[in-house]
Amino acid sequence: MADPIHQFEIHKIFTLGHIGNQEIAFTNSSAYMFGAVAVVSLLMLGGSAGRRLIPNRFQSVAELSYEFVSNTLRSSIGEEGMKFFPFVFSLFMFILTANLIGIIPYTFTVTSHLIVTVALALMVFLTVFLYGLYKNGLGFFKLFVPHGIPIYILPLIMVIEVISFLSRPVSHSVRLFANMLAGHITLKVFAGFVTSLSALGAVGIFGAVLPLAMTTALTALELLVAFLQAYVFTILTCIYLNDALHPGH
Amino acid sequence: MAEGQGKSKGADHGTAAHTAADGGHKASFPPFESNTFASQLVSFAIAFGLLYLIVSRLALPRVGGVLAARQQVLDTDLNEAAKLKADSDAALKAYETELANARAKAQAMATEVREKLNAEQEQAKAKLEESLASKLAAAEQTIATTRATAMGNVRSIAADTASAIVERLTGVSPDAGAVNAALDASLKG
């Protein structure tokens with residue numbers, strides 16, 4: 001039976017250089033990252049190349065992505081959040097494209113690697129933290145002091161708020177990572193049942209219908225998850241950025 | 001199964017099954033293989049940085065520009081349409097006012113003409129009636145005169161006739177005064 005973990009392996013394609021003793025390699029993961037970047041760039045630049053007043057389908061997709069992310073950002077932060085639009089848009093499109101590419105059989109899913117999702121989440125976390133400090137100065141720490149809390153439980157609340165703030169990048173990254181990983185393993189396991197059952201002969205082929213149907217259904221579900229997780233990541237990013245802009249709850 | 005992997009980052013890569021069989025190797029679950037982290041981080045930094053540049057410098061301004069241009073065209077067209085509608089409303093109102101004016105004027109004219117005609121007719125009728133009345137009066141006068149004359153003649157005829165009858169009966173021509181007295185008595189009686 002096919003190994004469900006095999007799809008997550010990283011292979012070196014060529015070496016880029018060394019940092020200390022650590023070899024920096026261009027891997028299959030790198031290739032898919034740049035692939036995702038290329039797809040997004042092609043969609044956005046190619047789609048808007050015509051600058052049509054009445055968009056064709058290609059341009060519609062580019063405009064739809066633009067408006068979807070800008071509406072999400074506007075509804076959660078407001079007009080002043082639009083300075084983060086390129087950042088949030090890059091995040092959403094990168095994750096969405098990487099997730100969707102990963103559903104194609106025999107491909108690699110960039111977002112199924114914890115280090116990538118951690119990098120994404122930390123990037124958001126640091127942006128929120130540094131921009132919050134830059135914009136509000138020490139007023140940023142009002143984020144940990146909610147209004148209207150009695151003074152005697154305030155220290156406890158502050159500890160909870162600080163812990164919840166610090167644990168954001170963990171939940172932010174693990175949610176995406178775990179969803180992609182689990183989905184792809186499940187898909188692979190059910191698809192593996194099809195091949196191993198059908199190897200058993202006529203009865204096996206008949207029996208393989210069920211896991212095949214399951215695989216088909218799961219693929220549809222994974223399409224939903226791919227979009228949903230990209231959206232969840234984006235909307236959480238918006239909520240966190242909102243804290244940086246308006247720390248006073 | 002393990003081939004094609006593990007070449008990249010050194011010797012101790014393997015699938016879960018492989019590692020379990022080997023035992024004791026460090027985590028072989030690919031997402032947790034820490035010696036791939038540096039490569040992935042570098043690639044990610046370059047790829048995401050590139051994407052951010054492309055998106056912020058080229059893609060979003062362009063798509064945003066297209067959307068803004070469309071919005072502007074829509075706004076212009078909508079304003080134009082609103083203006084044209086206001087114009088047509090004004091024209092319709094002016095037309096209705098004009099129509100009402102014309103109707104009122106026509107009515108006034110008709111009333112005037114009718115009244116004038118009525119007055120003329122009344123006048124003509126009155127004149128006619130007057131002339132008829134005077135003709136009638138003249139005719140009545142004539143009749144009265146004629147009758148009076150006729151009545152006068154009747155008396156002289158009766159007197160002549162009575163004289164003639166008396167002369168024939170008696171052979172004597174009666175006295176005119178007696179005849180007249182007898183006539184008067186007879187006419188009275």
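Residues numbered from 1 in each chain as written. Chains lettered and ligands numbered in written order. Predicted model: local features only at pLDDT ≥ 70, side-chain atom pairs only at ≥ 80, totals over all residues.

A.B. asks: Can you walk me through the overall build of chain B in this structure?
C.D. replies: When its secondary structure is counted, chain B shows three helices and zero strands. The helix and strand sequence of chain B, counted from the amino end, reads α-α-α. Looking at chain B residue by residue over its 189 residues, the buried ones come to 12%. Residue pairs at least 24 apart in sequence account for 18% of intrachain contacts in chain B once pairs closer than 6 positions are excluded. (Helix = DSSP H or I, 4+ residues; strand = E, 2+ residues; numbered from the N terminus. Buried ≥ 20, exposed ≤ 12 C-beta atoms within 10 Å, placed from the backbone. Contact = placed C-beta atoms within 7 Å.)

A.B. asks: Help me understand the interface of chain B and chain A, please; the structure alone is not making it clear to me.
C.D. replies: Interface size, as often reported, equals the accessible area lost upon joining of the parts. Taken together, the 39 residues of chain B in the interface contact 42 residues of chain A. For the side of chain B that touches chain A, the elements supplying multiple residues, two or more each, are helix H1 (16-22) and helix H2 (37-170) of chain B. For the side of chain B that touches chain A, the element with the most residues is H2 of chain B, which contributes 26 residues. Within the side of chain B that touches chain A, the residues separate by chemical class into 25 nonpolar, ten polar and four charged. (Nonpolar A, V, L, I, M, F, W, Y, C, P; charged D, E, K, R; others polar.)

A.B. asks: How should I be thinking about the nonpolar core in this particular structure?
C.D. replies: Within soluble globular proteins, side chains that are nonpolar generally end up buried alongside one another. Counting residues in hydrophobic clusters, the biggest one holds 52 residues, and the most contacted among them are Ala36, Val88, Phe92, Phe94 and Ile95 of chain A. Looking at this core, the elements with two or more residues in it are helix H1 (28-47), helix H2 (57-76), helix H3 (85-103), helix H4 (114-136), helix H5 (154-198) and helix H7 (209-245) of chain A together with H2 of chain B. If sequence neighbours within four positions are ignored, Ala36 of chain A has contacts with Phe94, Thr97, Ala98, Ile101 and Val110 of chain A. Listed in part, the six residues of the second largest apolar core include Leu187, Phe190, Ala191 and Val194 of chain A. (Core = buried A, V, L, I, M, F, W, Y, C linked by C-beta atoms within 7 Å.)

A.B. asks: Sorry, what's going on with unusual backbone geometry here?
C.D. replies: Leaving glycine out, the prevailing phi sign among residues is negative, and the prevailing peptide bond configuration is trans. Residue and element names in this part refer to chain A. If you check the backbone angles, Arg51 has positive phi at about 45° while not being a glycine. With respect to the helices and strands, Arg51 occurs in the loop between H1 and H2. Assessed through the 13 C-beta atoms surrounding it within 10 Å, Arg51 is described here as partly exposed. Of note in the backbone geometry, Tyr106 takes a positive phi value of approximately 75° without being a glycine. Here Tyr106 is to be found in the loop between H3 and H4. Residue class for Tyr106 comes out exposed when judged on the 5 C-beta atoms lying within 10 Å of it.

A.B. asks: Looking at this structure, I do not really get the confidence of the model for chain B. What am I missing?
C.D. replies: Close inspection of predicted coordinates is inappropriate in any region flagged by low pLDDT. Residue and element names in this part refer to chain B. The pLDDT averaged across chain B works out to 83; a share of 85% of its residues lies at or above 70. Averaged over each element, pLDDT in chain B is lowest for H1 (39) and highest for H2 (93). Counting contacts from residues 1-27, a segment whose pLDDT is below 50, to residues more than four positions away or on other chains yields 46 contacts. (pLDDT = per-residue confidence, 0-100.)

A.B. asks: What should I look at first to understand the pairing of strand E2 (residues 22-27) of chain A in this one?
C.D. replies: Within a regular beta strand, the side chains point alternately toward one face of the sheet and then the other, so they alternate between its two faces. All names here are of chain A. Two elements, strand E1 (residues 12-19) and E2, share six bridges in a ladder whose sense is antiparallel. Paired with Ile19 across the strands is Gln22, a residue of E2. Once E1 ends, the chain turns through two residues before running back antiparallel as E2, passing Gly20 with a positive phi of about 65°. (Pairing = 2+ DSSP bridges.)

A.B. asks: It is not clear to me how the packing of H2 of chain B against helix H3 (residues 176-188) of chain B should be interpreted in this structure. Could you clarify?
C.D. replies: How two helices sit against one another is set out by the angle between their axes and by the gap between those axes. Residue and element names in this part refer to chain B. The N-to-C vectors of H2 and H3 enclose an angle of 120°; their axes lie 10 Å apart at closest approach. Taken together, the axis directions place H2 and H3 in an arrangement best described as oblique. Crossing of H2 over H3 shows right-handed handedness. On the side of H2, the interface is formed by Arg155, Ala158, Ala159, Ala162 and Ser163, while H3 contributes Val179, Asn180, Ala182 and Leu183. The class makeup of the residues in the contact of H2 with H3 is six nonpolar, two polar and one charged. (Axes fitted to C-alpha atoms, helices over the stretch in contact; angles between N-to-C directions. Parallel < 35°, antiparallel > 145°, perpendicular 65-115°, else oblique. Left-handed = near helix turned anticlockwise from the far one by under 90°.)

A.B. asks: I would appreciate a short explanation of the packing of H4 of chain A against H7 of chain A in the present structure.
C.D. replies: Residues and elements named next belong to chain A. For the pair H4 and H7, interaxial distance at closest approach is 8 Å and the crossing angle is 20°. Considered as vectors, H4 and H7 are oriented roughly parallel to each other. As H4 runs across H7, the sense of the crossing is right-handed. Of the residues in H7, those touching H4 at Val124, Val128, Tyr131, Gly132 and Lys135 are Thr237, Tyr240, Leu241, Asp243, Ala244 and Leu245. Looking at the contact of H4 with H7 residue by residue, the class counts come to seven nonpolar, two polar and two charged.

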